[in-house]
Amino acid sequence: MEPVDHYERDTQKGRQKMKTFSISDIGKKREMNQDYVYTSENAVGNLPNLFIVADGMGGHKAGEFASRFTVETIVKNIEEDDGAEPVGIMNRAICTANRELREKAQEDDSMTGMGTTVVVMTLVGRQAFVANVGDSRMYVVGKEITQITQDHSLVEEMVRMGEIAREAAKDHPDKNIITRAIGASEEVRVDFFQVEIEPEDYILMCSDGLTNMIDDSDIKSIMISQRDVAERAERLVEIANSNGGLDNITVVVIEPV
């Protein structure tokens, strides 16, 4: 299983159709890409489709390994899960990936402390079921832009507690400190969300290499000004890089039809 750099497809499965495009870029400052993206518009196990973005952390190649291993483990476990409820299927797969990643870290001193964020989504009809750990995000972009996931980060907790203003969070020196990650602790807490996708809405999944470089309002403007899913994704990466490209940038754009 290889990460998808550029991938576009229309798919018809029953009455569900979508257009998707995904891209992962190393950015302007990193020596390697520790993000990993997986997309399947076709069924994976009992889920009708599956989309995952992971952002690894760790020295040497540990972060790169953590994101890839976690995504591959999640996919494998979803393929083998005979459950029927999307949240349960995703939860079991993510918890298994957390346990197995920690076991891998214990086998190799060079991988001690590795971990990864993850955001996972499946679209069932017009209902999006979303799981996240860390600060990779999912948005719904239509007339407005709405962040569906909640960041598990120190700065986000400070915002929720009223210690700093939302406007100050983007440039806070601790903005990259996350409070939850796959591999960080023996038990992983996963947040789940369910949202109805309205006609003409787009789904955007991304790593923080995008959101640290582009404000939400500008993301919306870019999303609604481009012709198709490919141009939307590529333009987001282009602007993130022109704004500095300080981290790896991964974007998945989904247009339910």
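Values in this document were obtained by computation on a predicted structure and should not be read as measured data. (Residues numbered from 1 in each chain as written. Predicted model: local features only at pLDDT ≥ 70, side-chain atom pairs only at ≥ 80, totals over all residues. Heavy atoms only, no water.)

Chemist: Would you mind going over the overall build of the chain in detail, with residue names and values included?
Modeler: Broken down by element type, the chain carries seven helices and 11 strands. Counting all 257 residues of the chain, 55% fall into the buried class. Summarising the internal contacts of the chain: among those between residues at least 6 apart in sequence, 67% fall at separations of at least 24. Accessible area for the chain stands at about 11900 Å²; split by element, carbon and sulfur atoms hold 44% of it. (Helix = DSSP H or I, 4+ residues; strand = E, 2+ residues; numbered from the N terminus. Buried < 20%, exposed > 50% of the residue type's maximum accessible area, 1.4 Å probe, protein only. Contact = heavy atoms within 4.5 Å. Areas by Shrake-Rupley, 256 points an atom, 1.4 Å probe, with all protein chains shown as cover.)

Chemist: Give me the lowdown on helix 7 (residues 229-242), citing residues and values where you can.
Modeler: Along its 14 residues, helix 7 runs 20 Å from first to last C-alpha, staying within 8% of the 20 Å computed at 1.5 Å per residue. If you check which residues of helix 7 are buried, you get Val-229, Ala-230, Arg-232, Ala-233, Leu-236, Val-237, Ile-239, Ala-240 and Asn-241. A distance of 3.2 Å separates the backbone nitrogen of Ala-230 from a side-chain oxygen at the start of helix 7, and that oxygen is part of Asp-228. Phi turns positive, to about 135°, at Gly-244, one or two residues after helix 7. (Expected span 1.5 Å × (residues − 1). Polar contact = N/O pair within 3.5 Å; in protein donor to acceptor, adjacent residues only side chain to side chain.)

Chemist: Describe the side chain of Asn-98, and please don't skip the residues or the numbers.
Modeler: Relative to the elements of secondary structure, Asn-98 occurs in helix 2 (residues 86-107). At a separation of 3.1 Å, a polar atom in the side chain of Asn-98 contacts the main-chain carbonyl oxygen of Ser-185. Beyond its immediate sequence surroundings of up to four residues, Asn-98 is in contact with Ala-181, Ile-182, Gly-183, Ala-184, Ser-185, Glu-186, Glu-187 and Val-188.

Chemist: Describe the environment of Ala-128, and please don't skip the residues or the numbers.
Modeler: Positionally, Ala-128 belongs in strand 6 (residues 127-133). By relative accessible area, Ala-128 is classed as buried at 0%. Taking the C-alpha atoms as reference, Ala-128 lies 6.2 Å from Glu-196; in sequence the two are 68 residues apart. Non-local contacts of Ala-128, meaning those with residues more than four positions away in its chain, are made with Met-121, Thr-122, Leu-123, Met-138, Phe-193, Gln-194, Val-195 and Ile-197.

Chemist: Quick rundown of the packing of aromatic side chains? Include the residues and the values.
Modeler: For the structure on display, the rule yields one aromatic pair. Between Phe-65 and Phe-69, the ring centres sit 5.4 Å apart and the planes meet at 15°, which makes this aromatic pair stacked. Here Phe-65 pairs with Phe-69, and both are found in helix 1 (residues 62-80), just four residues apart, close to one helical turn. (Phe/Tyr/Trp six-rings, centres within 6.5 Å; stacked < 30°, edge-to-face > 60°.)

Chemist: Help me get a handle on the sheet that holds strand 9 (residues 191-196), residues and values and all.
Modeler: Here five strands make up an open sheet; going across it, the order is 3-4-5-6-9 and the pairing antiparallel. The strands lining the two open edges of the sheet, one partner per strand, are strand 3 (35-40) and strand 9. Here the average twist between neighbouring strands, direction ignored, is 10°. As paired elements, strand 4 (residues 50-57) and strand 5 (residues 115-124) share seven bridges and run antiparallel to each other. Paired with Ala-54 across the two strands is Val-118, which belongs to strand 5. Helix 1 rests against strand 3, strand 4 and strand 5 of the sheet, and its axis sits at about 155° to strand 4. (Pairing = 2+ DSSP bridges. Axes fitted to C-alpha atoms, helices over the stretch in contact; angles between N-to-C directions.)

Chemist: Now, about the pattern of salt bridges: what can you tell me, with residues and values included?
Modeler: By the definition in use, this model includes nine salt bridges. A salt bridge links Asp-247 to Arg-30; its shortest N-O distance comes to 3.2 Å. Remark: Arg-30 occurs in the loop between strand 2 (16-25) and strand 3 and Asp-247 occurs in the loop between helix 7 and strand 11 (249-256); sequence separation between them is 217 residues. What makes Arg-30 partly exposed here is its relative accessible area of 44%. In this structure, Arg-235 engages Glu-238 in a salt bridge whose closest nitrogen and oxygen atoms are separated by 2.9 Å. Taken as a pair, Arg-235 and Glu-238 lie in helix 7 at a separation of three residues, close to a single helical turn. With a relative accessible area of 46%, Glu-238 lands in the partly exposed category. Put simply, Arg-137, Asp-151 and Asp-216 are held in one network by salt bridges that share partners. (Salt bridge = Lys/Arg side-chain N within 4 Å of Asp/Glu carboxyl O.)

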